[in-house]
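Residue strings, one per chain:
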Amino acid sequence: MATAKPAEDEAVADRNLLERHKKPVCLIVLGMAGSGKTTFVQQLTSRLHTKNKPPYVINLDPACREVPYPVNIDIRDTVNYKEVMKQYSLGPNGGIVTSLNLFATKFDQVIKLVEKRSDNTDIAIFDTPGQIEVFTWSASGTIITETLAALFPTVVVYVIDTVRSVNPITFMSNMLYACSILYKLKLPFIIVMNKIDVVKHDYAMEWMTDFDAFELALSSDSSYNANLSRSLSLTLDEFYKDLTAIGFSAVTGEGFEEFLAAVDAAVVEYETDYCPEHDRLQKLQAEARSKDKSRQKEKFESDFEETNRRLGVTTGRHVSHRNEILLRSRGRKMTDRATSRSVILWKNRRRSNSRNRIALRREKKQYSPGPLLYAN
Ligand SMILES: Nc1nc2c(ncn2[C@@H]2O[C@H](COP(=O)(O)OP(=O)(O)O)[C@@H](O)[C@H]2O)c(=O)[nH]1
Ligand SMILES: [Mg+2]
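Residues numbered from 1 in each chain as written. Chains lettered and ligands numbered in written order. Predicted model: local features only at pLDDT ≥ 70, side-chain atom pairs only at ≥ 80, totals over all residues.

Participant: Would you mind showing me how to read the sheet that holds strand β7 (residues 244–247) here?
Facilitator: Each strand in a sheet pairs with another by means of backbone hydrogen bonds, the pair being arranged parallel or else antiparallel. One open sheet accounts for seven strands, arranged β3-β2-β4-β1-β5-β6-β7; its pairing is parallel. Edge positions in the open sheet fall to β3 (73–74) and β7, since each of these has one partner strand only. As paired strands, strand β1 (residues 25–31) and strand β4 (residues 123–127) are joined by five bridges and run parallel to one another. The residue of β4 that forms the bridge with valine 25 is isoleucine 123. Set on the sheet, helix α14 (residues 256–311) makes contact with β1, β5 (154–161), β6 (189–194) and β7; between it and β7 the angle comes to about 165°. (Pairing = 2+ DSSP bridges. Helix = DSSP H or I, 4+ residues; strand = E, 2+ residues; numbered from the N terminus. Contact = placed C-beta atoms within 7 Å. Axes fitted to C-alpha atoms, helices over the stretch in contact; angles between N-to-C directions.)

And the structure:
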């Protein structure tokens, strides 16, 4: 028996892997505002269409004016960002986060739609909101990413603006952000150094592999920021080793083939590194849950025995006694609930102060997202 269990586990893991393998690769495109995420998705989509491999494209940016690529699911069809801002009295960032939260409640439908396309789509692309932190540090961003990663081969594509990153301190901030996302999500990670039609990415590649070159770029600067960047560069050495970085132009499409090769390698990494770890953690969680359940059951039984012993109730009467208690408490709860509800209703009807009226009006206006619309 002891030898059969690992073999059984392996078979389950293999089956999970095979099922995930048949599904489209999900690319979650992240990056600072203006780094070129949307233009990158547009270029990728058009190139894949030319290759006769149309991707499934999902726009998760509720605040964008227009989507410049053929989109299959658009968050703007489900959630009205301006209305959310108005009704919840929010600013632009709060509006985007809340819209994403509302959309996340319907994400199971998105999953079903992507799954449905497994036979004829190799890639699903997720374009994210302009402000990166809206996605990376929000609960809905984490839910979306983790749900995708549990069901599909998922790769994070981090877009960096090579034009803005020529400043070594800006480059370092960008890399730190990338590093924090990589260690938070632990998913395969591709850095796309975008806009190489304007500035080539060679300088960035050199800074990532040669500390002296980075130090030279900082030599004229003796500020605190520069010193911090210098020491961080040494610390990030390990992180750079794990990275795949490619040059890309979202305008000309240069670097497209290299990007596809990086995606293939990332899928292998997902299968060999991420999945076994994910499955291991899931197993541990399931074991902990079942242990907890049995511990609770044991505790309940011993408490019950103890109470009966103290009350002098015989074991034969356990069932009827328990039923009686349950029935009585259920009845009491229902009547309690009913009476308290009627009291509240009565009070609400009676009370006519303005605060109550405003609260009621607001409640009535509570925004709810529309149905999920999608194009096939
Ligand atoms: N020259 C050049 N401009 C780009 C490139 N990618 C994006 N842009 C421009 O950068 C700006 C911001 O791009 P956008 O895709 O909206 O960025 P997002 O906020 O990350 O989605 C737009 O004006 C784009 O035309 C590129 O590869 N080369
Ligand atoms: Mg965008």
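We are not done yet, so read on.
Participant: Honestly, the pairing of β4 in this entry has me stumped. Any pointers?
Facilitator: Walk down a regular strand and you will see the side chains alternate between the two sheet faces. In terms of burial, β4 is a largely internal element, five of the five residues being buried. Because side chains alternate across β4, one face comprises the buried residues Ile123, Ile125 and Asp127, and the other comprises Ala124 and Phe126, equally buried. Direction of pairing for strand β2 (residues 56–59) relative to β4: parallel, over a ladder of four bridges. Bridged to valine 57 within β4 is isoleucine 125. (Buried ≥ 20, exposed ≤ 12 C-beta atoms within 10 Å, placed from the backbone.)

Participant: Help me understand the site of ligand 1 in this model?
Facilitator: The local shell around ligand 1 holds 16 residues, among which Gly36, Lys37, Thr38, Thr39 and Ala250 are the closest. The residue makeup of the shell around ligand 1, split by class, is four nonpolar, nine polar and three charged. (Near = placed C-beta within 6 Å. Nonpolar A, V, L, I, M, F, W, Y, C, P; charged D, E, K, R; others polar.)

Participant: Sorry, what's going on with the nonpolar core here?
Facilitator: Side chains of nonpolar character tend, in soluble globular proteins, to be buried together. Within the largest apolar cluster, 76 residues are counted, with the highest numbers of intra-cluster contacts made by Leu27, Val29, Val155, Val156, Val157, Tyr158 and Val192. Top contributing element to this core by residue count: helix α9 (residues 168–185), with seven residues. Leaving out residues up to four positions away in the same chain, leucine 27 has contacts with Ile123, Ile125, Phe126, Val155 and Val157. (Core = buried A, V, L, I, M, F, W, Y, C linked by C-beta atoms within 7 Å.)

Participant: Can you walk me through unusual backbone geometry in this structure?
Facilitator: A negative phi angle characterises most non-glycine residues, just as the trans form characterises most peptide bonds. Its identity is not glycine, yet lysine 186 carries a phi of approximately 60°, on the positive side. Tracing the chain through its elements places lysine 186 in the loop between α9 and β6. Even without being a glycine, lysine 195 presents a positive backbone phi close to 75°. Tracing the backbone through its elements, the reader meets lysine 195 in the loop between β6 and α10 (202–209).

Participant: It is not clear to me how the packing of helix α11 (residues 211–218) against helix α12 (residues 224–235) should be interpreted in this structure. Could you clarify?
Facilitator: Helix-helix packing: each pair is described by the crossing angle between the helix axes and the interaxial distance. In the contact formed by α11 and α12, the axes pass within 10 Å of each other and the chain directions differ by 175°. As the angle between them shows, α11 and α12 are arranged roughly antiparallel. Contacts from Phe211, Phe214, Glu215 and Leu218 of α11 reach α12 at Ala226, Ser229, Arg230, Ser233 and Leu234. Looking at the contact of α11 with α12 residue by residue, the class counts come to five nonpolar, two polar and two charged. (Parallel < 35°, antiparallel > 145°, perpendicular 65-115°, else oblique.)

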